[in-house]
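An overview of the molecular structure
Here is what each chain is made of, one letter per residue.
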Amino acid sequence: MIRLPLLSAALLLGAVAAPVQADNPQFQGADPHATMIDGELWVFPTGGPGGSWAADRFGAFSSRDLKTWQPRGELLRRDQIAWIGADGAPEHFLWAPGVATRNGKWYLYYSVGPQNPTPSRIGVAVADRPAGPYRDSGQPLVTGGPGFEAIDPMVFVDPKDGKAYLYAGGSAGAKLRIWELTPDMTGLAREVPVETPPQFTEGAFVHERNGTYYLSYSHGHFNAADYSVHYATARSPIGPWRYRGAILTSDRRHKGPGHHSFVRTRTGQSLIVYHRWENPQGPAPFSGERQVAIDRLRYAADGRILPVRMTDGAAAPRLVQSGR
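1. Notes on the sheet that holds strand β13 (residues 164-168)
Strand order in the open sheet made by the four strands is β12-β13-β14-β15, with antiparallel pairing throughout. Across the chains shown, the open sheet's two edge strands, defined by having one partner strand only, are β12 (154-157) and β15 (188-192). For this sheet, the mean inter-axis angle between neighbouring strands, taken without regard to orientation, is 30 degrees. Bridge count for β13 against strand β14 (residues 177-181) is four bridges, and the pairing is antiparallel. Along β14, the bridge assignment pairs Leu 166 with Trp 179.

What follows is the structure, given as structure tokens:
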């Protein structure tokens, strides 16, 4: 998550008109939500390549080779969200987007904060295509409060029954909450009681593999070396969850890896997309900008996720183009 604007609001879309060439780290940004669309890997982050986006808007970026990143334009701006200033807070920031699709529509879920002095909120906007433009629903979907910070939304659609679930929460209270969404994906049908798993701080992500549901999440302080990714498993998308340990932690060069997403390519390769601090100087809290990185995700024969080894440059995974 981000507590202060990553970039100057003066940096507009024109700053990213050309594709960005990169290996690991892929590009400047944080909180990346990744998904495969028509053979390309799309990333929806907070911020963007080379200082290209501000904390008052969202953009998306796509690649076929994990080297050349194409900007996909402006998805949603803060001034297009009519309800955002109703709480009277002096300033608001947008961060940690999550996307989902159903019935030909695309849904962008996003965090509005900071939590203090007014509660954080989660909004949702709808578009006809992944690049937008997105139209806000007109009201917040979830509002935070004492013991719960409404941040870091992630939506998982269960392939078994088609039900959609919203996962959110973190930092202030470090509490996870889950709701079943209405069929139109813009309302809450019910809240699902859930016990917050061990080591949970924020940034929940859910995926399913061979009948097992994996709930992964960030632990620690977003600007320190203890930031890391842990996970738990269950036989359903709403638990009960069995804690399984950490899979992504700091090493000598890369610190604070986290706020991740998982993606499976058409060739069957599993990837983890996350942000990290590149060789930060001095002790925490770290300053500067975080970088988006992509590494391989591997499973043991019994379904456990194996620890992720962070890579640099040409050692980073390659995305095979569609049709190969």
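2. Some details on the nonpolar core
Counting 32 residues, the largest nonpolar core has Tyr 167, Ile 178, Trp 241, Leu 248 and Ile 305 as its most contacted members. Breaking this core down by element, the ones donating at least two residues are β12, β13, β16 (202-209), β17 (212-219), β18 (228-234), β19 (242-248) and β21 (270-278). Discounting residues that sit within four places of it in the chain, Leu 248 has contacts with Ser 228, Val 229, Pro 257, Ile 272, Tyr 274, Val 308 and Met 310. In terms of nonpolar packing, the next biggest core, distinct from the first, is built from 20 residues, Trp 106, Tyr 110, Ala 125 and Tyr 134 among them.

3. Some remarks on empty space enclosed by the protein
Overall, the coordinates contain two cavities of 30 Å³ or more when judged by the stated rule. Forming the boundary of the largest cavity are 15 residues, of which His 33, Pro 97, Pro 153, His 259 and His 260 lie nearest the centre. Elements supplying a minimum of two residues to the lining of the largest cavity: β3 (30-37), β7 (93-102), β16 and β20 (254-264). Across the lining of the largest cavity, the residue classes tally to seven nonpolar, six polar and two charged.

4. Concerning the packing of aromatic side chains
Under the definition given, this model contains eleven aromatic pairs. Here Phe 27 and Trp 69 contribute two aromatic rings whose centre-to-centre distance is 5.1 Å and whose plane-to-plane angle is 75 degrees, an arrangement assigned as edge-to-face. You can see Phe 27 sitting in strand β2 (residues 27-28) and its partner Trp 69 sitting in strand β6 (residues 68-77), a full 42 residues away along the chain. Residues Phe 27 and Trp 69 agree in their burial class; the two are buried. Judged by centre distance (5.8 Å) and plane angle (70 degrees), the ring pair of Tyr 214 and Tyr 299 falls under edge-to-face. One end of the pair, Tyr 214, is in strand β17; the other, Tyr 299, is in the segment after β22 (291-296), and 85 residues separate them in sequence. Take Tyr 214 and Tyr 299: they sit in the same class, and that class is buried. Ring-pair connections join several aromatic residues into one group, and the members of that group are Phe 27, Phe 61 and Trp 69. For Arg 177, the ring lying beneath its charged end belongs to Phe 148, and the centroid distance is 4.6 Å.

Cut-offs used in this document
- Along each chain, residues carry numbers from 1 onward, in the same order as the chain's sequence is written.
- Where totals are concerned, whole chains, interfaces and linings use all residues; where local detail is concerned, this predicted model gives features only for residues with pLDDT of at least 70, and gives and counts side-chain atom pairs only at 80 or more.
- With hydrogens and water stripped out, all remaining heavy atoms of the structure feed into the side-chain values.
- The rule for pairing is simple: two strands pair if DSSP sees at least two bridges between them.
- Where helices and strands are cited, they refer to DSSP runs of H or I of at least four residues and of E of at least two residues respectively, numbered from the N terminus.
- Note on method: axes are straight lines fitted to C-alpha atoms, helices fitted across the in-contact stretch only, with angles between N-to-C directions ranging 0 to 180 degrees.
- For this analysis, a nonpolar core means a set of buried residues of the types Ala, Val, Leu, Ile, Met, Phe, Trp, Tyr and Cys, connected via side-chain atoms within 4.5 Å.
- Whether a residue is buried, partly exposed or exposed follows from its accessible area with a 1.4 Å probe, protein chains only, as a fraction of its type maximum: under 20%, in between, or over 50%, in that order.
- Working rule for contacts: check all heavy atoms of both residues, and any pair within 4.5 Å makes them a contact.
- Two kinds of site are reported from a 1 Å grid over the protein atoms alone, namely cavities, where a 1.4 Å probe fits but cannot get out, and pockets, open sets with protein on both sides within 12 Å along at least five of seven lines, and residues are called lining when an atom falls within 4 Å of a point.
- Grid points are joined across faces, edges and corners, and a volume is the space filled by probe spheres set on the points.
- When residues are sorted by character, Ala, Val, Leu, Ile, Met, Phe, Trp, Tyr, Cys and Pro go into the nonpolar class, Asp, Glu, Lys and Arg into the charged class, and all the rest, Gly among them, into the polar class.
- Aromatic contacts are taken between Phe, Tyr and Trp rings whose centres are within 6.5 Å, Trp giving its six-membered ring; a plane angle under 30 degrees counts as stacked, one over 60 as edge-to-face, and the others as tilted.
- For a ring to carry a charge above it, either NZ of a lysine or CZ of an arginine must fall within 6 Å of the ring centroid while also lying within 35 degrees of the normal to the ring plane.

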